[in-house]
Amino acid sequence: MIVPRSRRQVLAGLLAVAGTAVAAGPVLAAEAVKKDQEKKGFDTRKLFQGLGTILRASQGLDYESEKTIGESLALEGFKRYGMPVEDEHVQRFVNLLGVSLARDSMRPDIPYRFVVVKNDVKNAFSCPGGIIFLSSGLFTSLKTEAQLACVLAHEIAHVAHKDAIKSIQQAQFLKGVGTITSSAMEGEKGRQFQAMIGDLQTTLFDTGLSYKMEYAADLGGMDTAYRTGYGPNGMIETLQILRSEEKGAIMKGSWYSTHPPLAKRIANCQAHLRDFSDYKQMRQHTGRLQWYQKRV
């Protein structure tokens, strides 16, 4: 399921609606635009030639291959969760905050793109390569910027930890698979690649990543938010909001169904909060969030 050029154009259009040109800041944005312009002249085979080795124990998947997988999943994300919120101010705000966090993450050297989609389900998820989704339902439930920062930082942590890729590498049907490129996407290898994408769709959107990965992303998100100047207590507060709204909430495809029990997550984060003696001095709220929430 390598993304055909036409589907890549659809994805580029959807992300453009989300205002992702601002996502990388002045320097990275210019680089992203340049790369997008260069790619317009590529055919699908040339663009994805060198997809690389799916299982590379020592070095892992190269970034271009990781991004290819992520783009396939992002298309499914739009299909399942809806179109981007059509407000450039909202998308710009979330992207600028997200990229600021990404620069302080454990993996700051790749471009990140953030998109708020119109959906009442409270969810956020990240695709390999750095495309991160946030539902309007979750966005409008938050009370402070520190809470939003921690949600985005949690998803950035998944990208930094390459959790989705690790889930792929653990899949039994991929053992023994060698290099898969666009020129070798027929027959059994092509079916294996498609099965891999389908399996990862189920993991991200239905069953969720492992509890261990989610706990690590919670703590990693707190660390990243703190380094960016936001209160890491925002993660605990977000989980407490979700717990208070759990009764009667939409479960399927939400953070409720794809993440570990809230009580355990809260306990883990509360224990980790003790590592930040000055967290109350960190930024909690500037009063801007509610203005953007009203535009959704």
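Here the structure is shown first, and the text comes after it.
Remember, predicted model here, so these are calculated numbers, not experimental data.

A.B. asks: Tell me about the overall build of the protein chain, and please be specific about residues and values.
C.D. replies: Secondary structure summary: the protein chain contains 14 helices and three strands in total. Within the protein chain, buried positions represent 56% of all 296 residues. The contacts of the protein chain with a sequence gap of at least 6 include a subset with a gap of at least 24, amounting to 77%. Carbon and sulfur atoms make up 52% of the accessible area of the protein chain, which totals about 13,300 Å².

A.B. asks: How would you summarise the environment of N123 if you had to cite specific residues and measurements?
C.D. replies: Structurally, N123 can be placed in the loop between strand 1 (113-117) and strand 2 (124-127). Side chain to side chain, N123 and Y81 meet in a polar contact 3.1 Å long.

A.B. asks: Tell me what's going on with the sheet that holds strand 1, and back it up with residues and numbers.
C.D. replies: One open sheet holds the three strands; their spatial order is 1-3-2, and the pairing between them is mixed. Two strands bound the open sheet, and with one partner strand each, they are strand 1 and strand 2. In this sheet, neighbouring strand axes are inclined to one another by 20 degrees on average, regardless of whether the strands run parallel or antiparallel. Where strand 1 and strand 3 (residues 131-135) come together, five bridges link them in parallel fashion. From the neighbouring strand, V115 faces strand 3, where its bridge partner is F133.

A.B. asks: Hey, could you go over the packing of helix 10 (residues 211-228) against helix 13 (residues 262-273) for me, with residue numbers and the actual values?
C.D. replies: One can describe the packing of helix 10 onto helix 13 by two numbers: an axis separation of 10 Å at closest approach and a directional angle of 35 degrees. By crossing handedness, the relation of helix 10 to helix 13 is classed as right-handed. For the pair formed by helix 10 and helix 13, the contact residues are Y215, D218, L219, M222 and D223 on the first element and K264, R265, N268, C269, H272 and L273 on the second. A breakdown of the residues in the contact of helix 10 with helix 13 according to their chemical character gives five nonpolar, two polar and four charged.

A.B. asks: Provide a residue-level description of the side chain of T203, including the pertinent values.
C.D. replies: On the secondary structure map, T203 appears in helix 9 (residues 187-207). Given the relative accessible area of 13%, T203 is considered buried.

A.B. asks: With reference to specific residues and values, describe the pairing of strand 2.
C.D. replies: Residues of strand 2 alternate between two faces, with A124 and S126 on one and F125 and C127 on the opposite face, all of them buried. In this sheet, strand 3 lies alongside strand 2 in antiparallel orientation, the contact comprising four bridges. Among the inter-strand pairings, C127 is bridged to a residue of strand 3, identified as I131. Counting the residues that bridge the hairpin from strand 2 to strand 3 gives three residues, and of these G129 lies at a positive phi of roughly 95 degrees.

A.B. asks: Can you explain the pairing of strand 3? Please cite residues and give values.
C.D. replies: Counting buried residues along strand 3, five of its five residues qualify, which places the element largely inside the surrounding structure. With burial as the criterion, each face of strand 3 is covered, one bearing I131, F133 and S135 and the other bearing I132 and L134.

A.B. asks: Residue-level account of the environment of W255, with values.
C.D. replies: In this structure, W255 sits in helix 12 (residues 255-258). Taking C-alpha positions, W255 is 8.8 Å from G208, a pair spaced 47 residues apart along the chain. If we ignore the near neighbours within four places in the chain, the residues touching W255 are K122, N123, A124, V151, H154, E155, L239, L242 and R265.

A.B. asks: For the nonpolar core, give the residues involved together with the corresponding values.
C.D. replies: Counting 43 residues, the largest nonpolar core has Y112, F114, L134, F139, L148, L152 and L239 as the members making the most contacts within it. Among the elements that make up this core, the one with the highest residue count is helix 7 (residues 145-161) (nine residues). If we ignore the near neighbours within four places in the chain, the residues touching L134 are V115, V116, V117, N123, A124, F139, L148, V151 and L152. Residues L73, Y81, I165 and M196 belong to the second largest nonpolar core, which totals 23 residues.

A.B. asks: Before we move on, could you go through the packing of helix 11 (residues 233-244) against helix 13 and cite the residues and values that matter?
C.D. replies: Across the interface, helix 11 lies against helix 13 with an axial gap of 9 Å and an inter-helix angle of 160 degrees. In terms of orientation, helix 11 and helix 13 fall into the roughly antiparallel class. As for how helix 11 packs across helix 13, the hand of that crossing is left-handed. Across from N233, M235, I236, L239, Q240, L242 and R243 in helix 11, the residues of helix 13 making contact are L262, A263, R265, I266, C269, Q270 and L273. Residue classes in the contact of helix 11 with helix 13 are distributed as nine nonpolar, three polar and two charged.

The rules behind these values
Residues numbered from 1 in each chain as written. Predicted model: local features only at pLDDT ≥ 70, side-chain atom pairs only at ≥ 80, totals over all residues. Heavy atoms only, no water. Helix = DSSP H or I, 4+ residues; strand = E, 2+ residues; numbered from the N terminus. Buried < 20%, exposed > 50% of the residue type's maximum accessible area, 1.4 Å probe, protein only. Contact = heavy atoms within 4.5 Å. Areas by Shrake-Rupley, 256 points an atom, 1.4 Å probe, with all protein chains shown as cover. Polar contact = N/O pair within 3.5 Å; in protein donor to acceptor, adjacent residues only side chain to side chain. Pairing = 2+ DSSP bridges. Axes fitted to C-alpha atoms, helices over the stretch in contact; angles between N-to-C directions. Left-handed = near helix turned anticlockwise from the far one by under 90°. Nonpolar A, V, L, I, M, F, W, Y, C, P; charged D, E, K, R; others polar. Core = buried A, V, L, I, M, F, W, Y, C linked by side-chain atoms within 4.5 Å. Parallel < 35°, antiparallel > 145°, perpendicular 65-115°, else oblique.

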